[in-house]
Amino acid sequence: MIELLRFDFMQRALIAALLVGLAAPAIGTFMVQRRLALLGDGIGHVALTGVALGFLTGTAPVLTAVVVSILGAVAIELVRARGRTSGDVALALLFYGGIAGGVLLISLAPGGSNATLMSYLFGSISSVTVEDVWVIGLLAVAVLGVVTVFGRELYVLCQDEEVAKASGLPVRFLSLLIAVTAALTVVIAMRVVGLLLVSALMVVPVATSQQLTRGFVSTMLLSMLFGMISTVGGLTSSFYVEVPPGAIIVVVALAGFVLALGLGRFVRRSRSQEFSHEQQA
């Protein structure tokens, strides 16, 4: 680990990985609870159009990805809420439109090619700049701030939307807030994990912690820990193996889920046996 810190690009990448590992599972907990696990995938595809638009216009791809991702997230939430089409169809439209738009725009950009999008699709540790770290840091603070300030209201909404309405909560605003925060998280993670795999980092650590905890807050906190372990562990492995970091980060996260699944079953079986012995006694 000390060897990695000798390289400036690895220092920047590790800072970005820690921020991503914190922010993605935090908002992912609410998305999983509300059964919107695939929302990150849809927004990730739309963000690809934003990245390509940045290359086409000569502006920062991260900033254009933020704008386009937020617009896409708001659109999908409004379509879903108004019931004009089902949620999965709306997500499919985002999938196809985002990929098509990204490929089309990057081909029109001066000197652009599909290869230009590779680092955004699968992540690239060597391309994380100081500016990227600052942008990722600011966006991560925004995401964690939303979770901290509106956490209780979002929890009620994710548990039961009808109860949230009856309680007088601004359901439409909170739903849009989840979508916009998810869009910011996608942009945060795209330089480290990649747009095609970012949703996994929102979902897998949460699913892992659910195997070991029951409470909502404990699930979120543990998923954030698993998220940091996955990003840092995968990033470190990618440095030595020389493959895109996104794939290894997701593999590490999935390995953690398998371990937690086995451990969770073992603990529950042990508790069940102890309870049976107590009943017999």
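Here is a short report on the structure shown in this document.

Rules of the game
Residues numbered from 1 in each chain as written. Predicted model: local features only at pLDDT ≥ 70, side-chain atom pairs only at ≥ 80, totals over all residues. Heavy atoms only, no water. Helix = DSSP H or I, 4+ residues; strand = E, 2+ residues; numbered from the N terminus. Expected span 1.5 Å × (residues − 1). Buried < 20%, exposed > 50% of the residue type's maximum accessible area, 1.4 Å probe, protein only. Core = buried A, V, L, I, M, F, W, Y, C linked by side-chain atoms within 4.5 Å. Contact = heavy atoms within 4.5 Å. Phe/Tyr/Trp six-rings, centres within 6.5 Å; stacked < 30°, edge-to-face > 60°.

### With respect to helix 2 (residues 39-57)
Thought 1: With 19 residues, helix 2 ought to run about 27 Å at 1.5 Å a step, and its terminal C-alpha atoms sit 27 Å apart, in line with that.
Thought 2: Most of helix 2 sits out of view: 15 of its 19 residues are buried.
Thought 3: Note on helix 2: the residue one or two positions beyond its end, Gly-58, has a positive phi of about 75 degrees.

### Side note on the nonpolar core
Thought 1: In terms of nonpolar packing, the biggest core is built from 77 residues, with Phe-30, Met-31, Leu-39, Ile-188, Met-190, Val-193 and Leu-195 touching the most fellow members.
Thought 2: Leave out the neighbours within four places in its chain, and Met-190 touches Val-51, Val-62, Ala-65, Ser-119, Tyr-120, Gly-123 and Leu-195.

### Digging into the packing of aromatic side chains
Thought 1: This model, assessed by the stated rule, comprises five aromatic pairs.
Thought 2: Taken together, the ring pairs connect Phe-9, Phe-239 and Tyr-240 into an aromatic cluster.

### Considering the environment of Ile-249
Thought 1: The topology assignment puts Ile-249 in helix 11 (residues 245-280).
Thought 2: Sequence separation between Ile-249 and Thr-236 is 13 residues, and the spatial gap between their C-alpha atoms is 9.3 Å.
Thought 3: Filtering out sequence-adjacent residues up to four positions away, Ile-249 remains in contact with Val-192, Val-193, Leu-201, Ser-230, Thr-231, Gly-234 and Leu-235.

### A closer look at the environment of Cys-158
Thought 1: Note that Cys-158 resides in helix 6 (residues 130-159).
Thought 2: Along the sequence, Cys-158 and Val-32 sit 126 residues apart, while their C-alpha atoms lie 8.9 Å from each other.
Thought 3: When neighbours within four sequence positions are excluded, Cys-158 is seen to be in contact with Phe-30, Gln-33, Arg-34 and Ile-178.

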